[in-house]
Every structure is written in C-alpha cells, then in structure tokens.
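Next come the chains, spelled out residue by residue.
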Amino acid sequence: MTDRLNSTSGTKDLSNLQHVTYALNNGVAELILDRAEVHNAFDEVMISEMISVLSYFAEHKQCQVLVLKANGKNFSAGADLNWMRKQAKMDFEQNLNDAKALAKLMQDLDTFPKPTIALVQGAAFGGALGLICASDIAIATTRASFCLSEVKLGLIPAVISPYVARAMGNRASRRYMLTAERFSADTALKLNVIHEISDDLDAAAKPMIDALLANSPQGMAWVKTLLSHLEDGVIDQNTIDYTSERIARIRVSTEGQEGLNAFFEKRLPNWQQALSAPSPTPTQKPSDTQGAL
C-alpha cells in the first residue's frame, strides 16, 4: 500500500502541498511535479515544496530510492511566466535570494543520500535539465525534447550550469547553452544527459530500482560522496589517501561488516530483510524515522 504521509520537514507542512505530490511504497519514494496545467513550470512555491520533500525523504528510514517524475504530457517547461514577471521587478538582493533557493534545490537533489532516478516525458526545458542532470540516473521517452533556452531571454542557465556541464561536458554545454536549440532524446543520450530511452518509463525504471534496493544503503550513499570528491579528475597523493581511507573505513563499519558476513554466510544482508518490515504510520515524522546514514 502506498504510504502518503502527512508530516513535517523542518517548518514546512507537507500536508498542504500545492505543486508537488509524493509517495512511498516498498522503499521507493516518489517526488512528483504536479502542475500539468502549466506544463510543470517552476515557481518559488514548487521549489520550496521540492526542497521540503527532499529533506523529508533524505531522513526517512524506509526510503531507499527516490524517483523524480511529473504528471501530464511534459516533465517541465522551465520557469513559470508569472514567476519570471516577479523576478523582472525584483532588485538584486531579492533576485539573489530567489536564485539561492533554486541553487539549494539542485544541490539537495545532487547530494541526496539515496539513489535518484528521473523519469522524463515531453518537454524538459531550462531548470528541468538541472534536475535531470543532478539525478543519478535519467530515463526519457522517445519524444522527449530538451532545451537550454535562457539566452533567448537575455539570461544565462547559471544555477543549473554546474550539473549540466558535468553531465554533457563543457564543449557540448557551450553549443547548447549558446544556441538555445532544442535537442532530442537520442541526442540527450549521446550527451549523457539521460541514460536510457523508453516509452514505458516505469517498466524501464523497474530493473534499476530492483538492483538499487538490493544494495547497501550506506554503500550507495558513500559512492555518491566518493564521486563528488573525484570530480576534478586529479589523481594525486590526496586522492590516494582519501580513497584508501574510505575503503578502510567502510570495511570496518557496521554495514560493511554485515555485507561481508552475509556474503560469506550465504544469507541476505539486513538491509534487504528490512524492506519487508511494515511502513511507519502516517503520524510519524522524519525525526521518528531517522536513518542510520
């Protein structure tokens, strides 16, 4: 049964969300963009709500995988027009605070301590590409289309640029950020923006989700942290010392010991057994279900 919990994350009441919905079922959390009438366009409310839901699931013990998806024909058309009108009237400080909220959303998704999968249909423009590139895995339909359209408006894709450039590379980023041309799912696949193309997104995601659920939660969280330390590509003594310390540390950790012992004893590790445990009741809060990571 799907766990649609009414709870709080920090000061945000998740029972009164306007632009997103969320669910938890057998270890798989879903964060769903739910503004189909405006093609799931971003505004300050959606950004705040996504941050709150991400914070909630980051701490939720039963959440092992997060799926980011959208209702309607399009994943997201980018910035909401009314939100853009507000931005045009803001002063520098107000615009800076506004941009920092979007930057927090991208960072929170990028550093989310569990694996994330983005399922993309239709248009994915502007900030939507940031969400996709900040996710660990992305799958798109054959008719999905992508665009970094900011320069057409005299703007730049500044906040999302670190994640987009990391995914597609600096040279490809120059082309698509400068031309603001649309590109197809086939091109997105070649550019490493997405990993797979399928017109049945849920079916395509299932084997990936099954594989992720079988893995050590701590191990996957540490993989994400490990890779974030290696993004500059430099292999020096600091890199060698850091990677050596990480493998030694995880070998002697509780979860590392459990995984090794389970392998040699030919049994399931306890994180797989935990998936069959009952979900928390709807009255539980993130602090009641704090994970061990």
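To keep things clear, this report deals only with the structure shown in the data block. (Residues numbered from 1 in each chain as written. Predicted model: local features only at pLDDT ≥ 70, side-chain atom pairs only at ≥ 80, totals over all residues. Heavy atoms only, no water.)

Right, let's get into the pattern of salt bridges. Applying the stated criterion across every chain, the model contains 15 salt bridges. For Lys104, the salt bridge identified is with Asp108, shortest N-O distance 3.1 Å. Of this pair, Lys104 and Asp108 both sit in helix H3 (residues 92-110), four residues apart, which is roughly one turn of the helix. A salt bridge links Asp210 to Lys206; the nearest nitrogen and oxygen atoms lie 2.8 Å apart. Note that Asp210 and Lys206 are positioned in helix H8 (residues 201-213) at a spacing of four residues, about one turn of the helix. Classification of Asp210 by relative accessible area gives partly exposed; the value is 39%. Since its relative accessible area comes to 48%, Lys206 is described here as partly exposed. A single salt-bridge network, built from bridges that share partners, covers Glu30, Lys69 and Asp202. (Salt bridge = Lys/Arg side-chain N within 4 Å of Asp/Glu carboxyl O. Helix = DSSP H or I, 4+ residues; strand = E, 2+ residues; numbered from the N terminus. Buried < 20%, exposed > 50% of the residue type's maximum accessible area, 1.4 Å probe, protein only.)

What follows concerns the sheet that holds strand E10 (residues 183-184). Here three strands make up an open sheet; going across it, the order is E7-E9-E10 and the pairing mixed. The open sheet is flanked by strand E7 (123-125) and E10, the only strands paired with a single partner. Pairing of strand E9 (residues 145-147) with E10 involves two bridges; the strand directions are antiparallel. Bridge pairing links Phe146 to Phe183 in E10. (Pairing = 2+ DSSP bridges.)

Turning our eyes to something else, we now look at the packing of aromatic side chains. Applying the stated criterion to the full structure yields six aromatic pairs. Ring geometry for Phe146 against Phe183: centres 5.5 Å apart, planes inclined by 20°, an arrangement best described as stacked. A residue pair is termed long-range when its members are at least 10 positions apart, and Phe146 in strand E9 and Phe183 in strand E10 qualify at 37 residues. Residue classification places Phe146 among the buried positions, given a relative accessible area of 0%. Among the aromatic side chains, those forming a connected cluster through ring pairs are Tyr22, Tyr56 and Phe57. A cation sits over an aromatic face here: Arg246 above Trp222, 4.4 Å from the ring centre. (Phe/Tyr/Trp six-rings, centres within 6.5 Å; stacked < 30°, edge-to-face > 60°. Lys NZ or Arg CZ within 6 Å of the ring centre and 35° of its normal.)

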